[in-house]
Amino acid sequence: MAVRGFEAREKSVLTLIYPRRPQQRLVLLGLKKRGFGQGKLNGFGGKLEPGECLEDSAIRELQEECGLTADRDGLNWRGSLTYLYDTKPKAMEVNVFDLNMWKGEPEETEEMKPAWYGHEDIPLDKMWADDAYWLLQYLDEQMATPFVGRFRFKGHEGPDSWEVLEHSVAPLVPASVPRFGQSEPGAALLVSTVSFVDAPNARPLESFIRYHLRKGFARVMIFVDDPSDTATLDVVRRFPTSRVLYRVRGEDLLQAQRQHCASFKKLAGFIDKEVSARQLIDFEFASTLAPSLACRWILCLDSDELFYTSEDSIVPHFQMLESQDIHQMSYLNHEGVPEQPETQDYFATVSLFKQHQFAVPLTAKARSGLRFWMDRSKHGQYFLFYDNGKSACRTGFGATPSSQHLWQLPAGHKSCTALADPRRMDVEGFRECRDPCILHFPVCGVAWLYAKYKTLGAFPDKWLGNMPLDESFHKDAREAHLSHGDALSALFTEQVMLDSEQAAAQIACGTCVRLTEHVTVLDSVPAATTMPDSTANPALINSAVAQGDTLVGVERGWILSKAMGYLSPELQ
Ligand SMILES: Nc1nc2c([nH]c(=O)n2[C@H]2C[C@H](O)[C@@H](COP(=O)(O)OP(=O)(O)OP(=O)(O)O)O2)c(=O)[nH]1
């Protein structure tokens with residue numbers, strides 16, 4: 001049986017505001033007089049206008065639709081609802097706000113006719129059909145907030161808009177969004193330094209933020225690397241300011257970082273030239289802010305990575321680490337393998353992953369799979385990019401980033417790793433952990449490959465002035481891009497993308513896995529194209545390794561990692 005591929009689904013972002021007098025159990029609703037939802041009673045709100053942020057859009061819509069004047073302090077974000085209509089390709093993500101303070105009296109406008117309703121008098125049969133599943137529970141505080149809901153309707157107008165085919169609504173996760181100034185176990189901050197200036201579009205950033213918020217990260221902090229990056233700014237403004245914060249590169253940020261970051265002096269000379277220097281400073285800066293954002297954990301990722309878990313939320317995982325007094329945890333990373341040459345949004349469409357070599361089973365078939373990739377790469381690489389994972393770290397105790405992958409902890413704090421890495425021989429710190437893990441989506445489409453190397457430009461052969469870069473795909477891609485020909489597309493076809501027959505073979509031998517939780521969370525659409533399952537052509541699996549062959553490169557680490565696993569006290 002073949003697996004259907006995935007297409008990204010576009011989402012419009014909207015607001016839905018309920019002015020309320022909770023003491024009297026009253027809510028202001030409006031009868032929609034025209035356009036989408038005409039004839040139905042609803043809260044107030046609408047689509048964001050270009051350049052507008054969520055809260056300002058809510059304030060504008062409220063004024064336009066019922067004449068009330070509000071400010072940001074009166075608005076309280078309570079949750080988000082996704083609406084899918086079988087008759088519309090675009091989904092809607094509706095952000096629900098409470099409003100408890102405003103100026104003026106409600107008045108009828110061209111769009112809406114407002115009136116106050118007691119909670120028990122709300123005429124659900126005159127409202128959108130989904131309201132029956134959540135509105136009263138929310139108004140009567142019987143449902144913890146923030147909540148997240150998903151509703152699929154048969155149609156978006158006429159009788160079909162009364163028919164709900166699928167519904168789910170639930171509190172997001174307990175304790176995932178602490179109030180500023182209060183810290184709650186497991187609350188985590190996700191940080192990323194981002195540039196989409198040269199990118200085909202910024203939809204992956206929207207998916208990046210949406211996915212992590214849905215998995216229970218309390219807040220996301222985005223450093224906008226280039227102030228002219230309007231694509232990134234448009235995305236971050238589509239999320240509630242209580243959950244998604246952003247700082248734009250410029251003199252103000254530089255000043256603050258100079259003042260608060262111990263690494264500033266050391267890295268100052270590289271800030272203009274190397275994104276990695278800017279990242280390290282951003283990460284340290286974010287870690288100094290994390291406690292005031294009520295976040296006990298920090299995780300710094302690139303905008304082509306996800307913190308993957310098949311669980312509903314990451315919060316219990318971080319709570320468990322806290323209960324065991326672990327201050328840092330490093331996770332395995334797996335590398336995305338595109339099966340199509342182009343995608344608008346790699347997070348929403350790529351589901352095939354080359355597993356980290358330490359997670360690959362110790363079998364002859366798997367060895368031939370490793371060899372397949374190493375032979376395919378000009379420099380004998382299994383992964384085309386890094387294989388040393390990424391780490392989450394506790395905040396507020398003086399840890400500083402020593403690289404993009406690891407934090408330096410003050411003495412006496414416990415650090416653990418899921419990478420059974422013989423290079424480190426850290427038997428005590430090894431801790432088996434397959435979920436969560438990091439999914440890395442580097443260059444998952446030709447246009448993304450071009451964009452990445454355009455952004456990186458003619459980067460130096462030495463990282464931060466002294467660490468030489470190995471001969472690798474990364475360096476070849478830099479040269480290919482600078483040569484301005486088709487060389488980069490050729491690299492993509494020869495070393496990055498996989499055809500369907502080979503994909504099946506790689507799944508069957510254990511190097512690759514298919515993971516789909518992220519595409520489900522992102523509401524991707526099953527595509528017309530199919531992808532292979534694990535029924536593989538045996539000839540492809542057994543062809544690579546000749547009898548009596550010696551171990552090369554990454555194979556040594558792969559085998560030794562199993563021994564590390566056995567030695568670990570954790571597994572005894
Ligand atoms: N309860 C509920 N509310 C919905 C659904 N779909 C949906 O858009 N809404 C809300 C979100 C918005 O507040 C409002 C729709 O906004 P709108 O289409 O009037 O947006 P707008 O004012 O920007 O657009 P326009 O009329 O000027 O064209 O209805 C739904 O299925 N259920």
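Everything numeric in this text was worked out from a predicted model, so none of it was measured. (Residues numbered from 1 in each chain as written. Predicted model: local features only at pLDDT ≥ 70, side-chain atom pairs only at ≥ 80, totals over all residues. Heavy atoms only, no water.)

Here we take up the packing of aromatic side chains. All told, the structure shown has 30 aromatic pairs when counted by the stated rule. Aromatic pair Phe-36 and Trp-128: ring centres 5.4 Å apart, planes at 35°, arrangement tilted. Taken as a pair, Phe-36 in the loop between strand S3 (26-32) and strand S4 (41-42) and Trp-128 in the loop between strand S7 (112-118) and helix H2 (131-139) lie far apart in primary sequence, 92 residues in all. Given a relative accessible area of 8%, Trp-128 falls into the buried group. Geometrically, the ring pair formed by Trp-134 and Tyr-138 is tilted, given 5.8 Å between the ring centres and 40° between the ring planes. Residue Trp-134 and its partner Tyr-138 are located together in helix H2, separated by 4 residues, close to a single helical turn. Take Trp-134: its relative accessible area is 0%, and that puts it in the buried class. Here Tyr-138 falls in the buried class, since its relative accessible area comes to 1%. Lys-40 extends its terminal NZ or CZ atom over the ring of Trp-128, reaching a point 4.2 Å from the ring centre. (Phe/Tyr/Trp six-rings, centres within 6.5 Å; stacked < 30°, edge-to-face > 60°. Helix = DSSP H or I, 4+ residues; strand = E, 2+ residues; numbered from the N terminus. Buried < 20%, exposed > 50% of the residue type's maximum accessible area, 1.4 Å probe, protein only. Lys NZ or Arg CZ within 6 Å of the ring centre and 35° of its normal.)

This brings us to the sheet that holds strand S25 (residues 512-514). Spatial ordering of the open sheet is given by S14-S22-S16-S17-S25, a layout of 5 strands whose pairing is mixed. Because the sheet does not close on itself, it has two edges, and the strands there are strand S14 (305-308) and S25. Looking at each pair of strands side by side, their axes are set apart by 35° on average, direction ignored. Pairing of strand S16 (residues 333-336) with strand S17 (residues 352-354) involves 2 bridges; the strand directions are antiparallel. Bridge pairing in S17 places Gly-336 opposite Phe-353. (Pairing = 2+ DSSP bridges. Axes fitted to C-alpha atoms, helices over the stretch in contact; angles between N-to-C directions.)

On inspection of all chains with the given rule, the structure shows 41 salt bridges. Among the salt bridges present, the one from Arg-238 reaches Glu-206, with a minimum N-O distance of 2.7 Å. One end of the pair, Arg-238, is in the loop between helix H4 (230-236) and strand S12 (244-248); the other, Glu-206, is in helix H3 (residues 203-214), with 32 residues separating them in the sequence. Judged by relative accessible area, which is 23%, Arg-238 ranks as partly exposed. The shortest N-O distance in the salt bridge between Asp-225 and Arg-278 comes to 2.9 Å. (Salt bridge = Lys/Arg side-chain N within 4 Å of Asp/Glu carboxyl O.)

Pairing between the strands of a sheet comes from backbone hydrogen bonds, and it takes one of two forms, parallel or antiparallel. As summarised here, the arrangement of the 7 strands in space is S12-S11-S10-S13-S18-S15-S21, forming an open sheet in which the pairing is mixed. Both outer strands of the open sheet, S12 and strand S21 (414-417), are each paired with one neighbouring strand and no more. Mean inter-strand twist for the sheet, computed between neighbouring axes without regard to direction, equals 20°. Bridge count for strand S13 (residues 297-300) against strand S18 (residues 390-394) is 3 bridges, and the pairing is antiparallel. Note that in S18 the partner of Trp-297 across the bridge is Arg-394. The sheet contacts of helix H8 (residues 315-323) involve strand S10 (188-194), S13, strand S15 (326-331) and S18, and relative to S15 the element is tilted by about 130°. (Contact = heavy atoms within 4.5 Å.)

With that settled, consider the site of the ligand. Looking at the ligand, there are 20 residues lining it, with Thr-15, Lys-32, Lys-47, Asp-130 and Asp-131 nearest. For the ligand, an oxygen atom lies 2.6 Å from a polar atom in the side chain of Lys-32. Within the side chain of Tyr-83, one N or O atom sits 3.3 Å away from a nitrogen atom of the ligand. For the ligand, the protein covers 85% of the area, taking 650 Å² as the surface of the free molecule. Those elements giving two or more residues to the shell around the ligand turn out to be strand S2 (11-21), helix H1 (54-66), strand S5 (75-85) and strand S6 (91-99). When residues of the shell around the ligand are assigned to their parent elements, the largest contribution, 3 residues, is made by S2. A breakdown of the residues in the shell around the ligand according to their chemical character gives 9 nonpolar, 4 polar and 7 charged. (Near = heavy atom within 4 Å. Polar contact = N/O pair within 3.5 Å; in protein donor to acceptor, adjacent residues only side chain to side chain. Areas by Shrake-Rupley, 256 points an atom, 1.4 Å probe, with all protein chains shown as cover. Nonpolar A, V, L, I, M, F, W, Y, C, P; charged D, E, K, R; others polar.)

Any residue range with low pLDDT should be treated as having predicted coordinates unsuitable for detailed reading. Of all residues in the protein, 93% attain a pLDDT of 70 or more, and the chain-wide mean is 91. Two summary scores accompany this predicted model of the complex, namely pTM at 0.93 and ipTM at 0.94. (pLDDT = per-residue confidence, 0-100.)

With a probe scaled to a water molecule rolled over the atoms, the places where space remains empty come into view. Scanning all chains against the criterion turns up 4 cavities of 30 Å³ or more. Of the pockets and cavities examined, the largest cavity occupies roughly 190 Å³. If you go around the largest cavity, you meet 15 residues; those closest to its centre are Trp-77, Ser-80, Glu-93, Leu-213 and Arg-243. Among the elements of the structure, S5, S6, strand S8 (147-153) and H3 are those that each provide at least two residues to the lining of the largest cavity. The residues that make up the lining of the largest cavity include at least three from each of domain 1 (9-169) and domain 2 (186-522). Each pocket or cavity is described by its volume, and for the second largest cavity that value is around 60 Å³. In terms of lining residues, the second largest cavity is bounded by Glu-335, Gly-336, Val-337, Pro-338, Lys-354, Trp-373, Leu-384, Phe-385, Pro-442, Val-443, Gln-495 and Val-496. Looking at the lining of the second largest cavity, the elements that each hand over two or more residues are S16 and helix H13 (487-496). (1 Å grid on protein atoms, 1.4 Å probe; cavity = no way out; pocket = protein on both sides within 12 Å on 5 of 7 lines; lining within 4 Å. Points joined across faces, edges and corners; volume = space filled by probe spheres on them. Domains from an automatic or database assignment.)

Next up on the list: unusual backbone geometry. Omega for the bond connecting Thr-145 with Pro-146 falls within 30 degrees of zero, at 0°, which places this linkage in the cis form. Within the secondary structure, Pro-146 sits in the loop between H2 and S8. Following Asp-435, the chain continues into Pro-436 via a peptide bond in cis, with omega recorded as 10°. With respect to the helices, strands and loops of the structure, Pro-436 is situated in the loop between S21 and strand S22 (437-440).

Right, let's talk about the packing of helix H11 (residues 446-456) against H13 for a bit. Where H11 contacts H13, the two axes come as close as 10 Å, and the packing angle between them is 125°. In terms of axis orientation, H11 runs oblique to H13. In this structure, the crossing between H11 and H13 has a hand that is right-handed. Along its contact with H11, which presents Val-446, Leu-449 and Tyr-450, the element H13 presents Leu-488, Ser-489 and Phe-492. (Parallel < 35°, antiparallel > 145°, perpendicular 65-115°, else oblique. Left-handed = near helix turned anticlockwise from the far one by under 90°.)

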